[in-house]
Amino acid sequence: QVQLVESGGGLVQAGGSLRLSCATSLRTFSNYAMGWFRRAPGKEREFVAVIGYSGGITDYADSVKGRFFISRDNAKNTVYLQMNSLKPEDTAVYYCAAAFRWGTMTSEHMYDYWGQGTQVTVSS
């Protein structure tokens, strides 16, 4: 079975940084685009970032552009989300997801596999 496991969440002060990791059991990891989504309390799950099969293309939500950076290490079957200049409104559960097809990657419906999420809390 395919597993995606997020780690690296925690409590940080506004202006601080966190690096999230998503380790996968995908045997053909490089054949999947990898995305990050988040769900804040009382809100719908929203797109955060996506990276293409080999890392040559990335896209970010406007709310995190310039602050968050997605990367991948295909040798480790792992995707990362570096989060800088964190704001209280970044507080959410962050989810890693894998998509075999490339399309409208801001849509959660494009993704085939999901992790269970990791909590990020930013204090003011």
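Look up: the structure comes first, before these words.
It should be emphasised that the depicted structure is a prediction, and the values quoted were computed from it without experimental measurement.

Quick look at the state of the cysteines now. A complete count under the given rule lists one disulfide for this structure. Put simply, Cys-22 and Cys-96 are joined by a disulfide, and their sulfur atoms are 2.1 Å apart. Its S-S torsion of about -80° marks the bond between Cys-22 and Cys-96 as left-handed, since a negative value means left-handed. With a gap of 74 residues between them, Cys-22 in strand 3 (residues 18-24) and Cys-96 in strand 9 (residues 92-99) connect regions that are remote in the sequence. The pair Cys-22 / Cys-96 is uniform in exposure class, with both members buried.

Turning next to unusual backbone geometry. A positive phi is found at Asn-77, a non-glycine position, where the angle reads about 55°. Its location among the elements puts Asn-77 in the loop between strand 7 (68-73) and strand 8 (78-83). With phi around 50°, Ser-85 is a residue other than glycine that occupies positive phi space. Note that Ser-85 resides in the loop between strand 8 and strand 9.

What you see with strand 7 is a clean split: Phe-68, Ile-70 and Arg-72 sit on the buried side and Phe-69, Ser-71 and Asp-73 on the side with no burial. Pairing analysis gives six bridges linking strand 7 to strand 8, with the strands arranged antiparallel. Paired with Ser-71 across the two strands is Tyr-80, which belongs to strand 8. Connecting the antiparallel pair strand 7 and strand 8 is a turn made up of four residues, with Asn-77 showing a positive phi of about 55°.

Another aspect to go through is the nonpolar core. Counting 38 residues, the largest nonpolar core has Met-34, Trp-36, Leu-81, Met-83, Tyr-94 and Tyr-111 as the members making the most contacts within it. At the level of secondary structure, the elements contributing two or more residues to this core comprise strand 3, strand 4 (33-39), strand 5 (46-51), strand 7, strand 8, strand 9 and strand 11 (118-123). Of all the elements, strand 9 adds the most residues to this core, at six residues.

Definitions and limits used
Residues numbered from 1 in each chain as written. Predicted model: local features only at pLDDT ≥ 70, side-chain atom pairs only at ≥ 80, totals over all residues. Heavy atoms only, no water. Disulfide = S-S within 2.5 Å. Helix = DSSP H or I, 4+ residues; strand = E, 2+ residues; numbered from the N terminus. Buried < 20%, exposed > 50% of the residue type's maximum accessible area, 1.4 Å probe, protein only. Pairing = 2+ DSSP bridges. Core = buried A, V, L, I, M, F, W, Y, C linked by side-chain atoms within 4.5 Å.

Take it as geometry only, folks, not as evidence of what the structure does.
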